[in-house]
Amino acid sequence: MTQDELKQAVARAAIEYVPAGEIIGVGTGSTANFFIDELGKIKGRVKGAVASSEATAARLKSHGIPVLDLNEVESMSVYIDGADEINPQGDMIKGGGAALTREKIVASVADRFVCIADGSKLVDVLGAFPLPVEVIPMAQAAVARKLKTFGGEPRLRVKDGKPVITDNGCMIIDLVGLKIAKPAELEAQINNIPGVVTVGLFAQRGADIALLGTAEGVKKLSF
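All of the points below concern the structure found in this document.

A closer look at the overall build of the protein
Then step 1. A count of helical and extended segments in the protein gives 6 helices and 15 strands.
Then step 2. Relative to the compact-globule value of 17 Å for 223 residues, the protein shows a C-alpha radius of gyration of 17 Å, a close match.
Then step 3. Overall size of the protein, expressed as C-alpha extent along the three principal axes, is 50 × 40 × 35 Å.
Then step 4. Relative to its full complement of 223 residues, the protein shows a buried share of 52%.
Then step 5. For the protein, long-range pairs separated by at least 24 residues make up 72% of all intrachain contacts whose partners lie at least 6 apart in sequence.
Then step 6. Entry remark: accessible area of the protein is about 10,100 Å², with carbon and sulfur atoms responsible for 50%.
Then step 7. Of the side-chain charges in the protein, 25 are positive and 27 negative, and the distance between the mean point of each set is 3 Å.

The following block contains the structure:
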(Lines give C-alpha, C1' and ligand atoms only; values in the text may rest on other atoms or scores of the structure.)
Protein backbone atom coordinates (compact mmCIF):
# COMPACT_ATOMS: atom_id res chain seq x y z
CA MET A 1 0.00 0.00 0.00
CA THR A 2 1.14 3.53 -0.71
CA GLN A 3 1.50 6.07 2.08
CA ASP A 4 -1.63 7.85 0.84
CA GLU A 5 -3.58 4.58 0.92
CA LEU A 6 -2.46 4.00 4.51
CA LYS A 7 -3.59 7.53 5.41
CA GLN A 8 -6.94 6.95 3.73
CA ALA A 9 -7.39 3.73 5.70
CA VAL A 10 -6.87 5.43 9.08
CA ALA A 11 -9.06 8.36 8.02
CA ARG A 12 -11.91 5.94 7.33
CA ALA A 13 -11.28 4.15 10.63
CA ALA A 14 -11.40 7.45 12.53
CA ILE A 15 -15.00 8.04 11.45
CA GLU A 16 -15.98 5.44 14.06
CA TYR A 17 -14.87 7.92 16.74
CA VAL A 18 -17.07 10.76 15.47
CA PRO A 19 -20.04 11.12 17.87
CA ALA A 20 -23.44 11.89 16.39
CA GLY A 21 -24.86 15.35 16.90
CA GLU A 22 -21.74 16.86 18.46
CA ILE A 23 -18.96 19.32 17.64
CA ILE A 24 -15.54 17.82 16.99
CA GLY A 25 -12.01 19.20 16.70
CA VAL A 26 -10.13 18.64 13.46
CA GLY A 27 -6.39 18.84 12.90
CA THR A 28 -4.17 19.99 10.06
CA GLY A 29 -2.05 18.17 7.49
CA SER A 30 -2.26 15.53 4.80
CA THR A 31 -3.75 12.79 6.99
CA ALA A 32 -6.24 15.21 8.54
CA ASN A 33 -7.23 16.21 5.00
CA PHE A 34 -8.13 12.61 4.21
CA PHE A 35 -10.20 12.55 7.40
CA ILE A 36 -12.01 15.76 6.42
CA ASP A 37 -12.87 14.20 3.07
CA GLU A 38 -14.32 11.16 4.86
CA LEU A 39 -16.16 13.42 7.30
CA GLY A 40 -17.74 15.19 4.35
CA LYS A 41 -19.50 11.94 3.44
CA ILE A 42 -21.31 11.92 6.81
CA LYS A 43 -21.49 15.65 7.46
CA GLY A 44 -25.10 15.41 8.54
CA ARG A 45 -23.97 13.42 11.57
CA VAL A 46 -22.03 16.27 13.19
CA LYS A 47 -23.18 19.64 14.47
CA GLY A 48 -19.95 21.26 13.31
CA ALA A 49 -16.18 21.33 13.71
CA VAL A 50 -13.48 23.49 15.25
CA ALA A 51 -10.53 23.86 12.87
CA SER A 52 -6.90 24.00 13.94
CA SER A 53 -5.83 26.13 10.96
CA GLU A 54 -7.16 28.37 8.22
CA ALA A 55 -6.42 25.62 5.69
CA THR A 56 -8.47 23.08 7.64
CA ALA A 57 -11.32 25.56 8.01
CA ALA A 58 -11.38 26.10 4.25
CA ARG A 59 -11.41 22.36 3.54
CA LEU A 60 -14.20 21.74 6.06
CA LYS A 61 -16.28 24.54 4.53
CA SER A 62 -15.70 23.14 1.04
CA HIS A 63 -17.50 20.00 2.20
CA GLY A 64 -20.35 22.00 3.71
CA ILE A 65 -19.31 21.27 7.29
CA PRO A 66 -20.06 24.19 9.68
CA VAL A 67 -16.88 25.65 11.21
CA LEU A 68 -17.17 27.12 14.70
CA ASP A 69 -14.92 29.52 16.59
CA LEU A 70 -13.39 27.79 19.61
CA ASN A 71 -14.57 30.68 21.79
CA GLU A 72 -18.12 29.53 21.10
CA VAL A 73 -17.43 25.96 22.23
CA GLU A 74 -17.22 24.91 25.87
CA SER A 75 -16.24 21.28 25.27
CA MET A 76 -15.67 18.65 22.60
CA SER A 77 -15.69 14.90 22.99
CA VAL A 78 -12.95 14.28 20.45
CA TYR A 79 -10.09 15.90 18.55
CA ILE A 80 -8.77 14.02 15.51
CA ASP A 81 -5.40 14.85 13.98
CA GLY A 82 -2.23 13.36 12.57
CA ALA A 83 1.32 13.35 13.94
CA ASP A 84 4.83 13.66 12.56
CA GLU A 85 6.04 11.15 15.15
CA ILE A 86 4.37 9.21 17.96
CA ASN A 87 6.01 6.95 20.55
CA PRO A 88 4.58 3.89 22.36
CA GLN A 89 3.46 6.12 25.24
CA GLY A 90 1.31 8.37 23.01
CA ASP A 91 3.73 11.33 23.10
CA MET A 92 3.92 13.12 19.75
CA ILE A 93 5.87 15.59 17.66
CA LYS A 94 3.53 17.78 15.64
CA GLY A 95 3.92 20.98 13.65
CA GLY A 96 5.23 19.89 10.28
CA GLY A 97 2.34 21.85 8.83
CA ALA A 98 3.09 24.90 11.04
CA ALA A 99 -0.25 24.63 12.89
CA LEU A 100 1.12 23.36 16.22
CA THR A 101 -0.19 26.16 18.44
CA ARG A 102 -3.79 26.01 17.27
CA GLU A 103 -3.63 22.21 17.24
CA LYS A 104 -2.52 22.20 20.87
CA ILE A 105 -5.21 24.69 21.87
CA VAL A 106 -8.05 22.80 20.19
CA ALA A 107 -6.79 19.47 21.54
CA SER A 108 -6.75 20.90 25.07
CA VAL A 109 -10.52 21.42 24.96
CA ALA A 110 -11.35 17.88 23.77
CA ASP A 111 -12.01 14.96 26.09
CA ARG A 112 -10.13 12.56 23.84
CA PHE A 113 -7.31 12.89 21.28
CA VAL A 114 -7.40 10.37 18.44
CA CYS A 115 -4.14 10.36 16.47
CA ILE A 116 -4.30 9.08 12.89
CA ALA A 117 -1.07 8.29 11.05
CA ASP A 118 0.63 5.80 8.82
CA GLY A 119 2.63 3.18 10.72
CA SER A 120 6.00 4.73 9.83
CA LYS A 121 5.26 7.55 12.30
CA LEU A 122 5.50 5.16 15.28
CA VAL A 123 9.03 5.44 16.77
CA ASP A 124 10.69 4.26 19.95
CA VAL A 125 12.30 7.66 20.67
CA LEU A 126 11.06 11.01 19.40
CA GLY A 127 13.40 13.41 17.63
CA ALA A 128 14.32 12.08 14.20
CA PHE A 129 11.67 14.46 12.89
CA PRO A 130 12.81 18.06 13.51
CA LEU A 131 11.04 19.52 16.55
CA PRO A 132 9.01 22.62 15.57
CA VAL A 133 8.94 25.64 17.88
CA GLU A 134 6.63 28.57 17.11
CA VAL A 135 8.19 31.88 18.11
CA ILE A 136 7.34 35.58 18.22
CA PRO A 137 9.28 37.15 15.30
CA MET A 138 11.27 39.63 17.43
CA ALA A 139 12.48 36.73 19.62
CA GLN A 140 13.59 34.41 16.81
CA ALA A 141 17.34 34.87 17.30
CA ALA A 142 17.16 34.89 21.10
CA VAL A 143 15.06 31.72 21.18
CA ALA A 144 17.41 30.01 18.71
CA ARG A 145 20.34 30.65 21.04
CA LYS A 146 18.41 29.13 23.96
CA LEU A 147 17.37 26.12 21.91
CA LYS A 148 21.00 25.32 21.13
CA THR A 149 21.51 24.49 24.79
CA PHE A 150 19.30 21.41 24.39
CA GLY A 151 21.80 19.85 22.02
CA GLY A 152 20.07 20.23 18.68
CA GLU A 153 20.60 22.61 15.77
CA PRO A 154 17.94 25.33 15.46
CA ARG A 155 16.95 26.16 11.88
CA LEU A 156 14.51 28.89 10.89
CA ARG A 157 11.87 27.31 8.65
CA VAL A 158 12.02 28.92 5.22
CA LYS A 159 9.92 28.38 2.09
CA ASP A 160 10.64 29.96 -1.30
CA GLY A 161 13.42 31.99 0.30
CA LYS A 162 11.20 33.54 2.98
CA PRO A 163 10.48 32.58 6.61
CA VAL A 164 7.32 30.52 7.01
CA ILE A 165 4.68 32.62 8.78
CA THR A 166 2.02 30.81 10.79
CA ASP A 167 -1.69 31.63 10.99
CA ASN A 168 -0.76 33.48 14.19
CA GLY A 169 1.77 35.75 12.44
CA CYS A 170 4.73 33.94 14.02
CA MET A 171 7.79 32.03 12.80
CA ILE A 172 8.87 28.40 13.12
CA ILE A 173 12.26 27.22 14.32
CA ASP A 174 12.92 23.52 13.70
CA LEU A 175 15.25 21.91 16.22
CA VAL A 176 17.21 19.21 14.41
CA GLY A 177 19.19 16.30 15.81
CA LEU A 178 17.52 15.59 19.13
CA LYS A 179 16.82 12.31 20.88
CA ILE A 180 13.97 13.14 23.23
CA ALA A 181 14.12 10.80 26.21
CA LYS A 182 11.74 12.83 28.41
CA PRO A 183 9.18 14.53 26.14
CA ALA A 184 6.95 16.08 28.84
CA GLU A 185 9.96 17.54 30.64
CA LEU A 186 11.42 19.02 27.44
CA GLU A 187 8.01 20.39 26.47
CA ALA A 188 7.84 22.34 29.73
CA GLN A 189 11.40 23.61 29.44
CA ILE A 190 11.02 24.93 25.89
CA ASN A 191 7.61 26.44 26.59
CA ASN A 192 9.22 28.45 29.39
CA ILE A 193 11.63 30.25 27.04
CA PRO A 194 10.51 33.88 26.60
CA GLY A 195 9.33 34.40 23.04
CA VAL A 196 8.19 30.82 22.50
CA VAL A 197 4.50 30.54 21.63
CA THR A 198 4.55 26.76 21.92
CA VAL A 199 6.67 23.75 21.09
CA GLY A 200 5.45 20.91 18.91
CA LEU A 201 5.76 18.33 21.66
CA PHE A 202 2.40 16.88 22.64
CA ALA A 203 3.37 14.96 25.75
CA GLN A 204 1.78 16.77 28.68
CA ARG A 205 -1.40 16.25 26.66
CA GLY A 206 -0.66 13.31 24.37
CA ALA A 207 -2.84 10.97 22.34
CA ASP A 208 -5.46 8.77 23.98
CA ILE A 209 -5.80 6.53 20.94
CA ALA A 210 -3.61 6.05 17.86
CA LEU A 211 -4.90 4.55 14.65
CA LEU A 212 -1.89 3.50 12.57
CA GLY A 213 -2.10 2.40 8.97
CA THR A 214 -0.04 -0.70 8.18
CA ALA A 215 0.13 -3.20 5.33
CA GLU A 216 -1.77 -5.61 7.57
CA GLY A 217 -4.55 -3.11 8.28
CA VAL A 218 -5.26 -0.38 10.81
CA LYS A 219 -3.55 -0.97 14.15
CA LYS A 220 -5.10 0.59 17.26
CA LEU A 221 -3.06 1.66 20.28
CA SER A 222 -4.61 2.97 23.49
CA PHE A 223 -2.67 5.03 26.04
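Next, the rest of the story.
A look at the side chain of Asp91
Then step 1. Looking at the secondary structure, you find Asp91 in the loop between strand E4 (85–86) and strand E5 (92–93).
Then step 2. The charged side chain of Asp91 is buried without a salt bridge, its nearest counter-charge being Arg205 at 9.9 Å.
Then step 3. Once residues lying within four places of it in the same chain are set aside, the contact partners of Asp91 are Glu85, Ile86, Leu126, Pro183, Phe202 and Ala203.

A look at the nonpolar core
Then step 1. Phe35, Leu39 and Leu211 are the most contacted members of the largest nonpolar core, which has 25 residues in total.
Then step 2. Secondary-structure elements contributing two or more residues to this core are helix H1 (3–14), strand E1 (23–26), helix H2 (30–41), strand E2 (48–51), helix H3 (54–62), strand E3 (76–81), strand E6 (110–118) and strand E14 (209–214).
Then step 3. Among the nonpolar cores identified, the runner-up in size contains 21 residues, and Val133, Val135, Val143 and Ala144 belong to it.

Comments concerning the sheet that holds E5
Then step 1. The strand order E4-E5-E13 describes an open sheet built from 3 strands, whose pairing is antiparallel. The open sheet has two edge strands with one neighbour each: E4 and strand E13 (201–202).
Then step 2. Pairing geometry for E4 and E5, over 2 bridges, is antiparallel. Paired with Glu85 across the strands is Ile93, a residue of E5.

As for the sheet that holds strand E11 (residues 171–176)
Then step 1. A sheet is described by the order of its strands in space; here 4 strands give the open sequence E8-E11-E7-E12, paired in antiparallel fashion. On the outer flanks of this sheet lie strand E8 (153–156) and strand E12 (196–199), each paired with one strand and no other. Pairwise comparison of adjacent strand axes, ignoring direction, gives a mean angle of 25° for this sheet.
Then step 2. Two strands pair when backbone bridges link them, and strand E7 (residues 131–135) and E12 are joined in this way by 3 bridges, in the antiparallel orientation. Within E12, the residue paired with Val133 across the bridge is Val199.

About the criteria used
- Residues numbered from 1 in each chain as written.
- Predicted model: local features only at pLDDT ≥ 70, side-chain atom pairs only at ≥ 80, totals over all residues.
- Heavy atoms only, no water.
- Helix = DSSP H or I, 4+ residues; strand = E, 2+ residues; numbered from the N terminus.
- Rg over C-alpha atoms; globule rule 2.2 N^0.38 Å.
- Buried < 20%, exposed > 50% of the residue type's maximum accessible area, 1.4 Å probe, protein only.
- Contact = heavy atoms within 4.5 Å.
- Areas by Shrake-Rupley, 256 points an atom, 1.4 Å probe, with all protein chains shown as cover.
- Lys, Arg positive; Asp, Glu negative; His and termini not counted.
- Charge placed at Lys NZ, Arg CZ, Asp CG, Glu CD.
- Salt bridge = Lys/Arg side-chain N within 4 Å of Asp/Glu carboxyl O.
- Core = buried A, V, L, I, M, F, W, Y, C linked by side-chain atoms within 4.5 Å.
- Pairing = 2+ DSSP bridges.
- Axes fitted to C-alpha atoms, helices over the stretch in contact; angles between N-to-C directions.

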